Amino acid sequence: MADNLPSEFDVIVIGTGLPESIIAAACSRSGQRVLHVDSRSYYGGNWASFSFSGILSWLKEYQENSDIVNEGPAWQEQILENEEAIALSRKDKTIQHVEVFCYASQDLHEEVEEAGALQKNHASVISENPTEAVHSAYLPSEDQSLCTVSCEMLTEQTPSSDLETALEINNVKVTGETEKHDDKTCMKSASEEETSKNVPTTEGTALQPKKTRITYSQIIKEGRRFNIDLVSKLLYSRGLLIDLLIKSNVSRYAEFKNITRILAFREGRVEQVPYSRADVFNSKQLTMVEKRMLMKFLTFCMEYEKHPDEYKAYEEITFSEYLKTQKLTPNLQYFVLHSIAMTSETASNTIDGLKATKNFLHCLGRYGNTPFLFPLYGQGELPQCFCRMCAVFGGIYCLRHSVQCLVVDKESRKCKAIIDQFGQRIISKHFLVEDSYFSENTCSHVQYRQISRSVLITDRSVLKTDSDQQISILTVPGDEPRTFAVRVIELCSSTMTCMKGTYLVHLTCTSSKTAREDLEPVVQKLFTPYTETETENEEVEKPRLLWALYFNMRDSSDVSRNSYNDLPSNVYVCSGPDSGLGNDNAVKQAETLFQLICPNEDFCPPPPNPEDIITDGDSLQSEVSEASVILEANSESPKESASFGNPEEASQ
């Protein structure tokens, strides 16, 4: 493909995460020639989503990523005397401390039918000591990482004669699923319906136990029904990303579901939080006095800027301390702090807490009873949607295409080209690089934070109701003063992220230790591991844990550009995911960088109506094009809103 690539572009974007994809789409929409490359075999980078076999391939990819040999031509020979190079890294160090645990049982006579899935070691699952479990399957050297151990556990049980074939199929399937996954965003899940006819299920099998047991083999067989996000986020219904999706008409490439419940974890149990007017007055958890207190305080938060006298004196204290001054009961303080403002006792001051509460209330009622939306098939759909928009306006995409270095002119101190893995020199005016592609030399002074992440597969919801199709968000406060609150998002099968009869649970917090050390205490509070000693009639109080993944992810969102060593002025840095719930940081970053590249240009304007585009060149073409864009912006807005489910704008 390198021989067919043009030798010159206006903008080269390296990495396909959400900020990079938005910028690529915006630049392509404004008429820039865009080349968008990624060394990975899938879209999204650390914003990606995977099927179950895909996540196993991702784990193995990080295992093999430890020793990468540069197989491309020597780029040093192409650097001229008046040039210097900024070498890019071919090793992704953004993911660390990966640990995988499987608690689901497996019938050893069952065959793994999901192409590309690697069978696990059954003996390692029921061992109480994870270290003993690992050594029972595979004895690693002392200096190997946890990721290597976990992945080798999965591959050890594959017969040696079929190992190469299994891995080869695995690599092909990941690529194929990614391409198919991209198509699903605009095909209204037609492929999902076709898959459901072909994927075997256990519903019709004989001798079914009274209580359905979900086995590891079944998870693998139904692996295509999983879409596991590396980063766990939601969309605020009046947030910047929703506004951008509607404005640019990118919303037509995706579908969304409303979060149905907001939960709280208090005194060892999970309960639903009343947050709307109807919920407050229908709640049996609150007394009549508490209902009046809560409504009065929430009404104040909606217009707190108009009453500065009521909070100015408390600006320097935490929001938690401020709530104690508002004559709210401990019950109400807890709900407002953890489930509405979604912060902790020490994380936010009074102003931040009031802003968060107002934002929550402002987003209520636009697309449903809660402020949040979730994209069907996972968060990884969003970067692909913007990549599709970029391609529609002429952007060129190359996955599995690495860049060896940036070429810098010594005299002007500006970047002039890249040299790719095939040794091709490609010239451009502007370069956007995702943070993970920079080498240690470039990032030697950068201080990164870390995000602790966990992904769980469970057999039922943390709070049972009549409906099994609930999408919930829960904040679990830290046990100790210096520990961070853990955000829990529970997804049901109607989100197209897990198989029927299971839930996909995401846990996220700012790291203080490894992901497992940070999150396992919360997992133990909410879930119980599956054990084969359970009887059919035994009633388990907590949901059973079938599979768990822990890992730490780099958070580069707060890194200043000045922290990087000797970056040319036309090289811009895009950060990876942050630990926040929403996507505002990615949109703000994309718009800021776009304005540096294309000053005075509209950021992702509505697309023109194809019927109004004039192909014959004449002096009036530009005027007609401008008029068509304006008309389209006015006529298409209701349709775009409808794609989100006819919001009740009366609530504004």
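- Per an unreviewed UniProt entry, the recorded name for the protein is Rab proteins geranylgeranyltransferase component A, and the organism is Nyctereutes procyonoides.
- UniProt annotates the protein under Subcellular location (unreviewed entry) with the comment "Cytoplasm, Cytosol".
- A UniProt comment under Sequence similarities (unreviewed entry) is attached to the protein, and it reads "Belongs to the Rab GDI family."

**Description of the packing of aromatic side chains**
- This model, assessed by the stated rule, comprises 16 aromatic pairs.
- Ring centres 5.1 Å apart and planes at 65° place the aromatic pair Phe 52 and Trp 547 in the edge-to-face group. A residue pair is termed long-range when its members are at least 10 positions apart, and Phe 52 in helix α2 (residues 52-64) and Trp 547 in strand β22 (residues 544-555) qualify at 495 residues. In terms of burial, Phe 52 and Trp 547 fall into one category: buried.
- Between Phe 438 and Tyr 564, the aromatic rings sit 5.6 Å apart at their centres with planes inclined by 45°, giving tilted as the arrangement. Of the two residues, Phe 438 is situated in the loop between β16 (430-434) and β17 (449-458) and Tyr 564 in the loop between β22 and β23 (571-574); the sequence distance between them amounts to 126 residues.

**Overview of the sheet that holds strand β4 (residues 83-87)**
- Taken in spatial order, the four strands make up an open sheet running β4-β13-β14-β15, and their pairing is antiparallel. Looking at strand neighbours, the two that pair on one side only are β4 and β15 (425-427), the edges of this open sheet. Pairwise comparison of adjacent strand axes, ignoring direction, gives a mean angle of 30° for this sheet.
- Taken together, the five bridges between β4 and strand β13 (residues 403-409) define a ladder with antiparallel strand orientation. Counted as the bridge partner of Ala 85 is Val 407 from β13.

**Topic: the pairing of strand β2 (residues 34-38)**
- The element β2 is extensively covered by neighbouring structure, given that five of its five residues are classed as buried.
- Every second residue of β2 is oriented toward a common face, with Val 34, His 36 and Asp 38 on one face and Leu 35 and Val 37 on the other, all of them buried.
- When strand β1 (residues 11-14) meets β2, the two strands line up parallel, connected through four bridges. Residue pairing for β2: Val 11 is matched across the bridge by Val 34.
- Relative to strand β12 (residues 396-399), β2 runs parallel, the two sharing four bridges. Paired with Asp 38 across the bridge in β12 is Leu 399.

**Details of the pairing of strand β10 (residues 269-272)**
- Where strand β9 (residues 261-266) meets β10, four bridges bridge the pair, whose relative direction is antiparallel. Residue pairing for β10: Leu 263 is matched across the bridge by Gln 272.

**Re the sheet that holds β12**
- Taken in spatial order, the five strands of this open sheet run β12-β2-β1-β16-β23, and their pairing is parallel. Lying at the two open borders of the sheet, with one neighbouring strand each, are β12 and β23. Averaged over all pairs of adjacent strands, the angle between their axes in this sheet comes to 15°, without regard to strand direction.
- Where β16 lies against β23, four bridges are found, and the strand directions are parallel. By the bridge assignment for β23, Leu 432 is matched with Tyr 572.
- Helix α1 (residues 18-29) contacts β1, β2, β12, β16 and β23 of the sheet and is inclined by roughly 160° relative to β2.
- Strands β1, β16 and β23 of the sheet are contacted by helix α16 (residues 584-597), whose axis makes an angle of about 170° with β23.

Conventions used here
- Each chain has its residues counted from 1, running along the sequence as written.
- This being a predicted model, a pLDDT of at least 70 is required before a residue's local features are given, and a value of 80 or more before pairs of side-chain atoms are given or counted; all residues contribute to the totals for chains, interfaces and linings.
- The side-chain numbers reported here are obtained from all heavy atoms of the structure, hydrogens and water having been left aside.
- UniProt positions are given in the numbering used here, feature names are shortened, and annotations may be inferred rather than shown by experiment.
- Any Phe, Tyr or Trp ring, taking Trp's six-membered ring, that has another such ring centre within 6.5 Å forms a pair; planes under 30 degrees apart are called stacked, those over 60 apart edge-to-face, and the others tilted.
- Each helix is a run of H or I in the DSSP string that is no shorter than four residues. Each strand is a run of E no shorter than two, and both are numbered from the N terminus.
- The cut-offs for exposure are 20% and 50% of the maximum accessible area for each residue type, with area from a 1.4 Å probe on protein chains only; residues under the lower value are buried, those over the upper are exposed, and the others partly exposed.
- Here a strand pair is declared whenever DSSP counts at least two bridges between the two strands.
- Simply put, an axis is a line fit to the C-alpha atoms, just over the touching stretch for a helix, and the angle between two N-to-C directions goes from 0 to 180 degrees.
- In what follows, residue pairs with any heavy atoms lying within 4.5 Å of each other are defined as contacts.

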